[in-house]
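# Geometric and topological summary
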Amino acid sequence: MELYNLKHPSQVVSFTEAVKLGLGKDRGLFFPTSIPKLDNIDELLAMPFVARSKQILGAWLASELGQAQVDNLVDNAFNFELPLVKADDKRYCLELFHGPTLAFKDFGARFMAQCLNVLATDEKITILTATSGDTGAAVADAFYGLDKIQVVVLYPKGKISVLQEKMFTTLGGNIHTVSVESDFDACQDLVKAAFEDADVRDGLHLNSANSINISRLLAQICYYFEAVAQFKKANQDDPVIAVPSGNFGNLTAGLFAKAMGLPVKRFVAATNSNDTVPRYLSQGEWLPQQTVATMSNAMDVAEPSNWPRVEAIVSAMGWSLSDLTGVGLSEADTASALRQLDDLGYLSEPHAAIAAHALSLTMTSDEMGIFLGTAHPAKFKDVVEQTLSRAIELPPALAAVKDKPILSASLQADFDELKAHLFAIL
């Protein structure tokens, strides 16, 4: 597999190099020089998830890694269910929260961890990543206890749920966490600044586990195929798929799936009040505003890093951005959407509720669709309980950490302060 830097196309790397580097020169994102097209879609959709995922990822990676190695990576990364659950007569939820940290990020993080564990040399690696909620837990769980890899997770202080926070800040060992006195965009800027600083990048052998890392995106392609496979068992038409969107890695993976041949009618990019992309799609101007804190905090991103990849896919496939629908919801609309799902007998959480409502707003009378359930409702226990006026139970994974102490350091959004901290702890 060959990839190039979107900012500096002359920088061309292999998959192995892209996984290890994370970002290219000048923070450029790596993008494949070609997107494999699958001709046996019906045959693939009839396969079980793991067997199908081996074929999908093999189309990208077998030429470099060998199909046997791809099979091994998939077997070790994808070992939990992902049911498609009917919410009403027109909408289904693909529940992506049945992995170890109860969030969709488990797919990408576990696959990336397996890749690095196989591809890394004997030198130690430092994973530096920012999270707006679920990435931190998924990355921490995926890399916890790996001898050659240290992990540092930055997150915005007070802007993620306490249960989300405890999923990754209570581990210790090779997992180091830092609460930053700012928002997610500031955390992301600190990560990018670290990659531009040669002392930090080279001295600590930096890598990033955000969705900017191509290995995570490739893994996420697989669950879109599973969504359509389950949907097609009961419906003939192609689905509309609504994606709760923050940093836009999730939607990027969906577009890659469609580019490979997956029959999706169209995608809906659903955001909260941080609606840079919906405004851009409707008005044609890229005008990020100050990040706003919302109940759907994992989507509190004003400048999504993966957007250049979205435009690159659209360009490579000869599509139009007008084929992508953008919807931004207010806090009141989010709460209402959550209550509407509950009235239907489907317990959800704010991110999925936004996607579900965006789907309803954009589907025509003859369309049916899928919205992605990206996290277990209990990860947002306080918000869900307050909105629905009733208690919800904690699953075992959250019950196990709720009383553990948080081990995070606290820093200002200052790169020099972060740099000193990194060299002090690593």
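Residues numbered from 1 in each chain as written. Predicted model: local features only at pLDDT ≥ 70, side-chain atom pairs only at ≥ 80, totals over all residues. Heavy atoms only, no water.

### Topic: the sheet that holds strand β1 (residues 2-5)
- Spatially, the 3 strands line up as an open sheet ordered β2-β1-β3, and their pairing is antiparallel. Because the sheet does not close on itself, it has two edges, and the strands there are β2 (12-14) and β3 (30-32). For this sheet, the mean inter-axis angle between neighbouring strands, taken without regard to orientation, is 40°. (Pairing = 2+ DSSP bridges. Helix = DSSP H or I, 4+ residues; strand = E, 2+ residues; numbered from the N terminus. Axes fitted to C-alpha atoms, helices over the stretch in contact; angles between N-to-C directions.)

### A closer look at the UniProt feature "domain: Threonine synthase N-terminal" (unreviewed entry) in the chain
- Mapped onto this structure's residue numbering, the UniProt feature "domain: Threonine synthase N-terminal" (unreviewed entry) falls at residues 10-78.
- End C-alpha to end C-alpha, residues 10-78 measures 34 Å, and it is 58% helix and 9% strand. (UniProt positions renumbered as here; feature names shortened; annotations may be inferred.)

### Topic: the environment of Leu65
- Position of Leu65 among the secondary structure elements: in helix α3 (residues 49-65).
- Of the residues examined, Leu65 reaches a relative accessible area of 17% and is grouped as buried.
- Remark: the alpha-carbon pair of Leu65 and Ile212, spanning 147 residues in sequence, is separated by 21 Å.
- Residues within four places of Leu65 in sequence aside, it is in contact with Phe15, Thr16, Val70, Leu73 and Leu119. (Buried < 20%, exposed > 50% of the residue type's maximum accessible area, 1.4 Å probe, protein only. Contact = heavy atoms within 4.5 Å.)

### Some words on α3
- Relative to the 24 Å expected for 17 residues at 1.5 Å per residue, α3 spans just 21 Å between its end C-alpha atoms, considerably shorter than the ideal helical length.
- Of all bends in α3, the biggest is about 65°, found at Ala59.
- Within α3 the residues assigned to the buried category are Phe49, Arg52, Ser53, Lys54, Ile56, Leu57, Gly58, Trp60, Leu61 and Leu65.
- A positive backbone phi angle near 90° is found at Gly66, which sits one or two residues after α3. (Expected span 1.5 Å × (residues − 1). Bend = angle between axes of the 7 residues up to and from the residue.)

### Notes on the environment of Phe49
- Residue position: Phe49 is located in helix α3.
- Classification of Phe49 as buried rests on a relative accessible area of 10%.
- Sequence separation of Phe49 and Pro263 is 214 residues, and the distance between their C-alpha atoms is 17 Å.
- Contact partners of Phe49, with chain neighbours within four places excluded, come to Phe78, Leu82, Phe107, Cys222, Tyr223 and Glu226.

### Let's talk about the side chain of Thr101
- By the secondary structure assignment, Thr101 is in the loop between β5 (91-95) and α5 (105-119).
- The class for Thr101 is buried, based on a relative accessible area of 2%.

### Section: the packing of aromatic side chains
- Counted by the stated rule, this structure contains 18 aromatic pairs.
- When the ring of Phe107 is compared with that of Tyr223, the centres are 5.2 Å apart and the planes differ by 65°; the resulting orientation is edge-to-face. You can see Phe107 sitting in helix α5 and its partner Tyr223 sitting in helix α10 (residues 214-232), a full 116 residues away along the chain. Across the pair, Tyr223 and Phe107 agree in class, each one buried.
- Taken together, a centroid distance of 6.4 Å and an interplanar angle of 85° make the contact between Tyr346 and Phe371 edge-to-face. Taken together, the residues span a long stretch of sequence, with Tyr346 in the loop between α14 (331-343) and α15 (350-362) and Phe371 in strand β13 (residues 369-373) at a distance of 25 residues. Like Phe371, Tyr346 is buried.
- One Lys or Arg, Lys258, reaches over the ring of Trp319 and ends 5.9 Å from the middle of that ring. (Phe/Tyr/Trp six-rings, centres within 6.5 Å; stacked < 30°, edge-to-face > 60°. Lys NZ or Arg CZ within 6 Å of the ring centre and 35° of its normal.)

### Considering the packing of α10 against helix α11 (residues 249-260)
- The N-to-C vectors of α10 and α11 enclose an angle of 65°; their axes lie 8 Å apart at closest approach. Where α10 crosses over α11, the two elements pack in a sense that is right-handed. In this structure, α10 contributes Leu217, Gln220, Ile221, Tyr223, Tyr224 and Phe225 to the contact, and α11 contributes Gly249, Asn250, Leu251, Thr252, Ala253, Gly254, Phe256, Ala257 and Met260.
- Considered class by class, the residues forming the contact of α10 with α11 number 10 nonpolar, 5 polar and no charged. (Left-handed = near helix turned anticlockwise from the far one by under 90°. Nonpolar A, V, L, I, M, F, W, Y, C, P; charged D, E, K, R; others polar.)

### As for the sheet that holds strand β8 (residues 175-180)
- Taken together, 5 strands build an open sheet; the order of strands is β9-β6-β7-β8-β14 and the sheet is parallel. Edge strands, defined here as strands with exactly one partner in the open sheet, are β9 (206-207) and β14 (409-411).
- Running over the sheet, helix α6 (residues 134-143) touches β6 (125-130), β7 (149-156) and β8 and is turned about 165° from β6.
- Across the sheet, helix α18 (residues 415-425) lies against β6, β7, β8 and β14, angled at about 155° from β14, the strand it touches most.

### Remarks on the pairing of β7
- Of all 8 residues in β7, 7 are buried; the element is thus mostly enclosed.
- In this view, the connection linking β6 to its parallel neighbour β7 by way of α6 has right-handed handedness.
- Assessed by its sense of winding, the connection that carries the chain from β7 through helix α7 (residues 162-169) to β8 is right-handed. (Right-handed = clockwise from strand over helix to strand, strands pointing away.)

### A look at α5
- Relative to the 21 Å expected for 15 residues at 1.5 Å per residue, α5 spans 21 Å between its end C-alpha atoms, a close match to the ideal helical length.
- Counting buried positions along α5 yields 12 of 15 residues, so the element is predominantly enclosed.
- For α5, the complete set of buried residues consists of Lys105, Asp106, Phe107, Gly108, Ala109, Arg110, Phe111, Met112, Ala113, Cys115, Leu116 and Leu119.

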